[in-house]
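# Remarks on the overall topology
The primary structure of each chain is shown beneath.
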Amino acid sequence: MKYEAVIGLEVHVQIKTKSKMFTRVAAGYGHPANTLTDPVVLALPGVLPVMNKAALDAIIKAGLLLGCDIAPVCKWDRKNYFYPDSTKNYQISQFDQPICLNGSVEIELPGAARNIQGEHKSIALTRIHLEEDVGKLNHEAFDSLVDYNRAGTPLMEIVSEPVIKSAEEAYAYLTSLRATMIYGGISDCDMEKGQLRCDANISIRPVGETKLGTKVELKNLNSISYVRDGIAHEIQRQLAVTQAGGTIVQETRDYDGEAGVSQSLRSKEMAHDYRYFPDPDLMPVKVDAAWKAGIQAECPELPFAKQTRFQNDYQLPYTLTSVLVWDRALADYFEEAAKLAGPGKAQAVGNWIVNDLQRELGAAKLDLAASKIRPAHIAELVKLIDAGTLLNNTAKEVFIDMAATGESPAAIVAKKGLAAAPTDTAELEGWCREAIAANAKSVAEFKAGKESAINGLKGPIMKASKGKANPKLVDETLRRLLAIS
Amino acid sequence: MSSELFNKPISELAALLEAKTITSVELTQAVIARTQTVDERVKAFNSYDTADALAQAAASDARRAAGQSLGALDGIPIGIKDVIAVTGQPLTASSKMLANFVSPYDATVTQKLKNAGAVIWGRLNLDEFAMGSSTENSAFHTTRNPYNLDCVPGGSSGGSAAALAAGEAIATLGSDTGGSIRQPAALCNVVGLKPTYGLVSRFGLIAFASSLDQIGPFTRTVEDAAILLQAIVGHDERDSTSFKTEIPDYRAALKTKKGPWKLGIPKEYFGEGLDPEVAAAVQKAIDYYKSLGCEIRPVSLPHTEYGVGVYYIIATAECSSNLSRYDGIRYGHRSADANDIVDLYFKSRAEGFGPEVKRRIILGTYVLSSGYYDAYYLRAQKVRTLIRQDFLNAYNEVDAIITPTTPTPAFKRGAKADPLAMYLCDVYTIGVNLAGLPGISVPCGFSSGGLPIGMQLIGQPFKEADLLAIANAYDSAHDWAKRTPNL
């Protein structure tokens, strides 16, 4: 019997706000334990929560970017459970009226090859709701310590429908979702810092079956690759159990990405009754059309839309767009440089950015923003090459100098005397005639139809010109002289 | 009336202070001396800090000497129920759970009183976590009714009412979730006001039931209630349920709002269970209003009978969640012999909470449980809306409603061992909390046994100025409050 996998993802994304969800103390990462706290975070007797509007703005933006329906009212509920990572022993969350409903995440599946665009698919969302993050427990040999710095950080829970079919789709889903959040300025989504966390609900069923199989929840998927690997592993595990005649038990499993194994954390019997009820300390907040419109106006173009536009407006190939559009800063950088370079030069600009600039940044471990090479430099470089002033091989030297000094390409060319030889001069023609005269064998071969033989003539010319001859002109001049000789 | 400073109202003392006839230090010393004399018997206080109070009084005198008096409350010693946070002072909720907790912050009302120059004086006893109607549920000691030490002072703000009646403070603050200000005020012959829900910030008030709790004043006169209310009201950014509304001059309104008013008498509040002496005293007060030219009309609040049931679902549901934070992890009582985290929760809470608190947490947990939520909590909320609508309908016809505050005068300690009998003490006060309305208890007589009786006036949302004016029309013409207890 053939089986298919059915996967739903629950993704938690921390919202990047200055202060916490329900109090003014700063939100942040990497601070000494329990320093980002105040009476509200610590749930001292008598304190009350007050909603951070910036967090609500951010989740509405996320919802608009993902095509969700935005609820007219933001309502708060308490989720009651005892655990030391929560100071109140309830979490303020949204139960029956999430702020965002429906919507979808567009994904691209891997293409037939790296340079071929893959199939696009839309993964439906169930809901997105807003809540507060909990603290962190650190278990030591004889003690467990708790750090409430993270407690109260605004947190979104993004729940997909169970429509994801494979580990690869899950990977593509998270990649796209993460880019959307970063694009929107909603979160940095750094998984190492816990800014994006993913749990996967996985089941299998015979192909053709419409009922869902027994699901297993996979937790602690600490990177996007681990999500993919963990899901692939769990699907294989369920297939093996089923094919051996066993049954899948509803349970929560912990995936160890390094070891590539999972183990059961708890079974269904320990399911909680969270006793949700509306939080009487927080009034529902009306979200009207004007509020939504204000946020809509701040919504950026998303990667796939940008990719289509780059392909249409700049005639960029997929190999370039597939790199450029996933990083908003890089895409903006490209557009600025392309506009400065002028019509017809976008692909050259794209090549310099995707190949040379990216390599340079990687080697220097620099952020794009910190690079001394600005979009205007790339544009000028491309224009100098196009004008024949700069040759490709010398341009690489200019580029390296630019990265180190931040000087403009023209300044570097002048400083180093790297300008190509003046074009269409008698000197160039003289070098060509000399080369033809001195290399009878190559001339004969070329005339006999061996196209590559012309290269035997170019070497001596470049040598004579000390590398400054414009190869395009050399080629043209040689062909003209050979045709009449 | 006693000529002792500690028995005078704020209005009179403010004039004496302003005229420099007395100093705040003298007044505070008088209150301290009185407390040290009588509190052994009354047991209204959980703790007090005389050095701190005298330092505040001295600061007040210095301000006044420099011509920088902050107004009527500057230098007046005000006692605080031990559920309202005061920086550096204990905050116990009369619970073993918080027996050693000291607040690192001020409640908004505390800050406002400090801004008004008041001398923050002592921590007043209550039923543990404000759950009870007799102050017998305090984990520390039972407060006595100053008019009869064998009787209860009411609750949960029993300490606030008893301390004021006994001259151990000039005014006090309490909190009212189902009658916890008005009921002890009635039983102790003082004025007690529960403001409209949202008028006074709850920030810094230990939560019992968030949608019902309000802080309010205990005073000797309605005029004093106006003075103290003025100091504590106002929108607070730290409390999302605090309401943005124009704040009138309450004291001035006592003079400008003159009536005659239309007053409603709900038949549902004068039925079975009402003590005849209480009924007679309230009737005399109604007659007085009639003599002022007020129109007295019967009104109906048909959902009254569901009040106690609805209250004990909503209040316990909220408290079960609000009290979850007391877990022995970060502060408060922590069991010494726990083996693991679950054991720590169980033992810390089992040892830290008293029986009534546990009863309510269990009830509240039950009504919120999966499968019961719709039948209990959701239905209770719907009935709550109907109860509020009853009042709003009545206010189409009348300006305010008069009822007894309590069915009976103060009862003997230990007399209501059955929790349900105790819950029925609040039968006339609970509806006001469920409807979010302002209510005030005003002394209106004594029983043949010498115990105080109070009447309740119920006003319209955020119309405290009218409610106080109506209450003052009676209070300023009677002198029940001047009958101080023999201690």
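Definitions and limits used
- Residues numbered from 1 in each chain as written.
- Chains lettered and ligands numbered in written order.
- Predicted model: local features only at pLDDT ≥ 70, side-chain atom pairs only at ≥ 80, totals over all residues.
- Heavy atoms only, no water.
- Salt bridge = Lys/Arg side-chain N within 4 Å of Asp/Glu carboxyl O.
- Helix = DSSP H or I, 4+ residues; strand = E, 2+ residues; numbered from the N terminus.
- Buried < 20%, exposed > 50% of the residue type's maximum accessible area, 1.4 Å probe, protein only.
- Pairing = 2+ DSSP bridges.
- Contact = heavy atoms within 4.5 Å.
- Axes fitted to C-alpha atoms, helices over the stretch in contact; angles between N-to-C directions.
- Core = buried A, V, L, I, M, F, W, Y, C linked by side-chain atoms within 4.5 Å.
- Phe/Tyr/Trp six-rings, centres within 6.5 Å; stacked < 30°, edge-to-face > 60°.
- Lys NZ or Arg CZ within 6 Å of the ring centre and 35° of its normal.
- Expected span 1.5 Å × (residues − 1).
- Polar contact = N/O pair within 3.5 Å; in protein donor to acceptor, adjacent residues only side chain to side chain.
- Buried area = accessible area lost by both parts, 1.4 Å probe.
- Domains from an automatic or database assignment.
- Nonpolar A, V, L, I, M, F, W, Y, C, P; charged D, E, K, R; others polar.
- Parallel < 35°, antiparallel > 145°, perpendicular 65-115°, else oblique.
- Left-handed = near helix turned anticlockwise from the far one by under 90°.

### Here we look at the pattern of salt bridges
Residue and element names in this part refer to chain A. Within this structure, the stated rule accounts for 53 salt bridges over all chains. D96 is paired through a salt bridge with K75; the nearest N and O atoms lie 2.6 Å apart. In this pair, D96 sits in the loop between β5 (90-93) and β6 (100-101) while K75 sits in the loop between β3 (73-74) and β4 (77-80), placing the two residues 21 residues apart along the sequence. Owing to a relative accessible area of 12%, K75 belongs among the buried residues under this scheme. K306 serves as the salt-bridge partner of E301, at 3.1 Å between the closest nitrogen and oxygen. Of the residues examined, E301 reaches a relative accessible area of 27% and is grouped as partly exposed. Among the ionic contacts, a cluster of salt bridges with common partners joins E397, D401, E407, K415 and K416.

### Some remarks on the sheet that holds strand β16 (residues 277-278) of chain A
Each strand in a sheet pairs with its neighbour through backbone hydrogen bonds, running either in the same direction (parallel) or in the opposite one (antiparallel). One open sheet accounts for 3 strands, arranged β5-β4-β16 (chain A); its pairing is antiparallel. Among the strands making up the open sheet, the edge pair consists of β5 and β16 of chain A. Note: β4 of chain A against β5 of chain A, 4 bridges, orientation antiparallel. Across the sheet, N80 of chain A pairs through a bridge with Y90 of chain A, a residue of β5 of chain A. Strands in contact with helix α10 (residues 307-322) of chain B are β4, β5 and β16 of chain A; relative to β4 of chain A, the strand with the most contacts, it is inclined by about 60°.

### A short note on the nonpolar core
What tends to happen in soluble globular proteins is that the nonpolar side chains get buried as a cluster. Within the largest apolar cluster, 141 residues are counted, with the highest numbers of intra-cluster contacts made by L113 and F129 of chain B. Among the elements that line this core, the one with the most residues is α10 of chain B, at 9 residues. Discounting residues that sit within four places of it in the chain, L113 of chain B has contacts with L73, I78, I80, A118, I120, L173, L228, A231 and I232 of chain B. Grouped together as the second largest cluster of nonpolar side chains are 105 residues, V11, I99, Y255 and A341 of chain A included.

### Things to note about the pairing of strand β3 (residues 119-124) of chain B
All names here are of chain B. Along β3, 6 of the 6 residues are buried, which leaves the element largely enclosed by surrounding structure. Sheet analysis places strand β2 (residues 77-81) next to β3, joined by 5 bridges and oriented parallel. Bridge pairing in β3 places P77 opposite V119.

### Quick notes on the packing of aromatic side chains
On inspection of all chains with the given rule, the structure shows 32 aromatic pairs over all chains. Site record: aromatic cluster; members linked through ring pairs are F101, F129, Y326, Y331 and F353 of chain B. Taking NZ or CZ as reference, K396 of chain A lies 5.1 Å from the ring centre of W352 of chain A, over its face.

### So, helix α1 (residues 53-65) of chain A
All names here are of chain A. Taking 1.5 Å of rise per residue, the 13 residues of α1 would be expected to cover 18 Å, and the 18 Å separating its terminal C-alpha atoms lies within 8% of that figure. The buried fraction of α1 is high, at 10 of 13 residues. Within α1 the residues assigned to the buried category are A55, L56, A58, I59, I60, K61, A62, G63, L64 and L65. Capping of α1 at its N-terminal end is provided by N52; its side-chain oxygen lies 3.0 Å from the backbone amide nitrogen of A54. Of the residues trailing α1, G67 is marked for its positive phi of about 70°.

### Considerations on the interface of chain B and chain A
Taken together, the contact pairs 39 residues of chain B with 32 residues of chain A. In total, chain B and chain A occlude about 2,800 Å² of area from one another, counting both sides; carbon and sulfur atoms represent 58% of this. Where chain B meets chain A, there are 2 salt bridges. The shortest N-O distance in the salt bridge between R24 of chain A and E237 of chain B comes to 2.5 Å. At the junction of chain B and chain A, the tally comes to 20 residue pairs in polar contact (both at pLDDT 80 or more). Those elements that provide at least two residues to the side of chain B that touches chain A are α10, α11 (341-352) and α12 (355-368) of chain B. When residues in the side of chain B that touches chain A are grouped by element, the largest group, 5 residues, is from α10 of chain B.

### Side note on the domain arrangement of chain A
Residues and elements named next belong to chain A. For chain A, the domain assignment lists domain 1 (3-294), domain 2 (303-416) and domain 3 (426-484). Between domain 1 and domain 2, the contact holds 13 residues from the first and 12 residues from the second. Summing both partners gives a buried area of about 990 Å² for domain 1 against domain 2, and 63% of it is carried by carbon and sulfur. Counting the surface domain 1 buries against domain 2, the share from its top three residues, E108, Q117 and Y183, is 59%. The interface formed by domain 1 and domain 2 contains 4 residue pairs in polar contact (both at pLDDT 80 or more). For the side of domain 1 that touches domain 2, the elements supplying multiple residues, two or more each, are β7 (104-108) and α2 (167-183). Grouping the constituent residues of the side of domain 1 that touches domain 2 by class yields 4 nonpolar, 6 polar and 3 charged.

### A short note on the sheet that holds β2 of chain B
Residues and elements named next belong to chain B. The strand order across the open sheet built from 11 strands is β1-β3-β2-β4-β6-β5-β10-β11-β9-β7-β8, with neighbouring strands paired in mixed fashion. Strands with a single pairing partner mark the edges of an open sheet, and in this sheet they are β1 (45-47) and β8 (295-299). Across this sheet, the average inter-strand angle for adjacent strands is 35°, counted without regard to direction. On top of the sheet, helix α5 (residues 158-165) reaches β1, β2, β3, β4 (171-176) and β6 (214-219); it is set at about 160° to β4, its chief contact. Packed onto the sheet, helix α9 (residues 276-291) meets β7 (262-266), β8, β9 (400-404), β10 (439-446) and β11 (452-458) and runs at close to 50° relative to β11.

### Considering helix α12 (residues 426-438) of chain A
Given 3.6 residues per helical turn, the α-helix brings residues three or four places apart onto the same face. The terminal C-alpha atoms of α12 of chain A, which comprises 13 residues, lie 18 Å apart, in line with the 18 Å expected from a rise of 1.5 Å per residue. Summarising the contacts, the buried residues of α12 of chain A are in contact with α13 (440-447), α14 (455-464) and α15 (471-484) of chain A.

### Section: the environment of E108 of chain A
Residue and element names in this part refer to chain A. Take E108: it is sitting in strand β7. Here E108 falls in the buried class, since its relative accessible area comes to 14%. In this structure, the C-alpha to C-alpha distance between E108 and I158, residues 50 residues apart in sequence, is 19 Å. Leave out the neighbours within four places in its chain, and E108 touches Q117, G118, E119, H120, A172, F304, Q307 and Y318.

### Notes on the pairing of β4 of chain B
Residue and element names in this part refer to chain B. Where burial is concerned, most of β4 is hidden: 6 out of the 6 residues are buried. Where burial is concerned, the two faces of β4 agree: the one with A171, L173 and S175 and the one with T172, G174 and D176 are both buried. Note that β2 and β4 share 3 bridges and pair parallel. Its bridge partner lying in β4, I80 is registered against L173.

### Here we look at the environment of S210 of chain B
As for its position among the elements, S210 of chain B is in the loop between β5 (191-194) and β6. For S210 of chain B, a relative accessible area of 0% corresponds to the buried category. Separated by 109 residues in the primary sequence, S210 of chain B and C319 of chain B have C-alpha atoms spaced 7.9 Å apart. Discounting residues that sit within four places of it in the chain, S210 of chain B has contacts with R78, P280 and D281 of chain A together with Y197, R202, E318 and N322 of chain B. Only 3.2 Å separates the side chain of S210 of chain B from the side chain of D281 of chain A, close enough to count as a polar contact.

### Some details on the packing of α12 of chain A against α15 of chain A
All names here are of chain A. Their axes nearest at 10 Å, the elements α12 and α15 cross at an angle of 55°. Comparing their axes, α15 and α12 come out oblique. Classified by chirality, the crossing of α15 by α12 is right-handed. Contacts between α12 and α15 involve L428, E429, C432, R433 and I436 on the former and, on the latter, L473, V474, T477, L478, R480, L481 and L482. Counted by class, the contact of α12 with α15 contains 8 nonpolar, 1 polar and 3 charged residues.

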